[in-house]
Amino acid sequence: MTETLILAAILIPCLVIAIVFHEVAHGWTALALGDPTAKEQRRLSLNPIRHVDPVGTLIVPGALALFGGPVFGWAKPVPVRKNRLDNPRYGMMAVAAAGPGTNLVLAAIGAVVLGLVAASLVAPPAGAMEWLLTGLNYFIVINIFLALFNLLPIPPFDGSHIVEGLLPRSMAAQYARLQQVGMFLLIALIAITWAFPGSGVIENVVLPPVEWLREKYLALALWVAGG
């Protein structure tokens, strides 16, 4: 029980940091490209409370954990008004890419810190040091997963905005209509993953690249550690 509580105390801050920086990155990028909506609504803060979505951050993850489903959720999206961007088409692509990009940068920072901590060890890790190393490993994986999961080309994920910007204008207009049913697609994805845990919907699509990237980040950590 104690180990479970410690693990939760490690995972929750890692997840909160990853999600908050992800959302704030969207807002700051939008502001830099001409849309001050997030700033006007005070969403450029790193205060986690400003980004909590009662359903996506609390109810859905809690229910999935309670009933034994795969646990994931989402924060309150930072508001971005496409028509206020200097270049709506490509600006929206940059805003969408900023979130996952920030998570990959956070994973790299985690890898560097992991390498520095490992280099400072004079004995096998134990106690608090062992939990610190565990936390850094989880921090890297959570940020990689959040980045790649959000790059899925399914509305309302960031990947859908990037795909929309890459498509010819006629096709982009049709693809954009999927945004109207984006939440239903997300709920359907959660339901399929929960109802059919052996289907491997998420595992087969996201986990292989997550594991590949994780190996690259651990190689960075090893390099920093001098090994």
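Source: prediction; values computed, not measured. (Residues numbered from 1 in each chain as written. Predicted model: local features only at pLDDT ≥ 70, side-chain atom pairs only at ≥ 80, totals over all residues. Heavy atoms only, no water.)

Section: the packing of aromatic side chains
Applying the stated criterion across every chain, the model contains 2 aromatic pairs. With 5.4 Å between their ring centres and 15° between their planes, F145 and F149 make a pair best called stacked. Of this pair, F145 and F149 both sit in helix α5 (residues 128–150), 4 residues apart, which is roughly one turn of that helix. Take F145: its relative accessible area is 25%, and that puts it in the partly exposed class. These aromatic residues form a ring-pair network of at least three members: F145, F149 and F157. Taking NZ or CZ as reference, R89 lies 5.7 Å from the ring centre of Y90, over its face. (Phe/Tyr/Trp six-rings, centres within 6.5 Å; stacked < 30°, edge-to-face > 60°. Helix = DSSP H or I, 4+ residues; strand = E, 2+ residues; numbered from the N terminus. Buried < 20%, exposed > 50% of the residue type's maximum accessible area, 1.4 Å probe, protein only. Lys NZ or Arg CZ within 6 Å of the ring centre and 35° of its normal.)

Quick notes on helix α4 (residues 88–120)
For α4, spanning 33 residues, the distance from its first C-alpha to its last is 48 Å, which sits close to the expected 48 Å at 1.5 Å a residue. The axis of α4 is deflected most strongly, by about 30°, at A98, and proline P100 appears within four residues downstream. (Expected span 1.5 Å × (residues − 1). Bend = angle between axes of the 7 residues up to and from the residue.)

A look at the side chain of H51
Secondary-structure assignment places H51 in the loop between α2 (37–40) and α3 (54–66). In this structure the side chain of H51 is engaged in a polar contact, spanning 2.6 Å, whose partner is the backbone oxygen of S45. (Polar contact = N/O pair within 3.5 Å; in protein donor to acceptor, adjacent residues only side chain to side chain.)

A short note on the packing of helix α6 (residues 158–166) against helix α7 (residues 169–176)
Two elements in contact, α6 and α7, have axes whose closest approach is 8 Å; the angle formed by their N-to-C orientations is 155°. Regarding the angle of α6 to α7, the classification is roughly antiparallel. Across the interface between the two elements, S160, V163 and E164 of α6 pack against A172, Y175 and A176 of α7. When its residues are assigned to classes, the contact of α6 with α7 shows 4 nonpolar, 1 polar and 1 charged. (Axes fitted to C-alpha atoms, helices over the stretch in contact; angles between N-to-C directions. Parallel < 35°, antiparallel > 145°, perpendicular 65-115°, else oblique. Contact = heavy atoms within 4.5 Å. Nonpolar A, V, L, I, M, F, W, Y, C, P; charged D, E, K, R; others polar.)

Structural notes on the pattern of salt bridges
Once their charged atoms are close, side chains differing in charge can pair, the charge on each being opposite to the other. This structure, assessed with the given rule, holds 4 salt bridges. The shortest N-O distance in the salt bridge between D35 and R84 comes to 4.0 Å. Residue D35 is located in the loop between α1 (2–32) and α2, and its partner R84 is located in the loop between α3 and α4; the two are separated by 49 residues in the primary sequence. Judged by its relative accessible area of 1%, D35 is buried. Look at the salt bridges and you will find they share partners, linking D35, E40 and R84 into a network. (Salt bridge = Lys/Arg side-chain N within 4 Å of Asp/Glu carboxyl O.)

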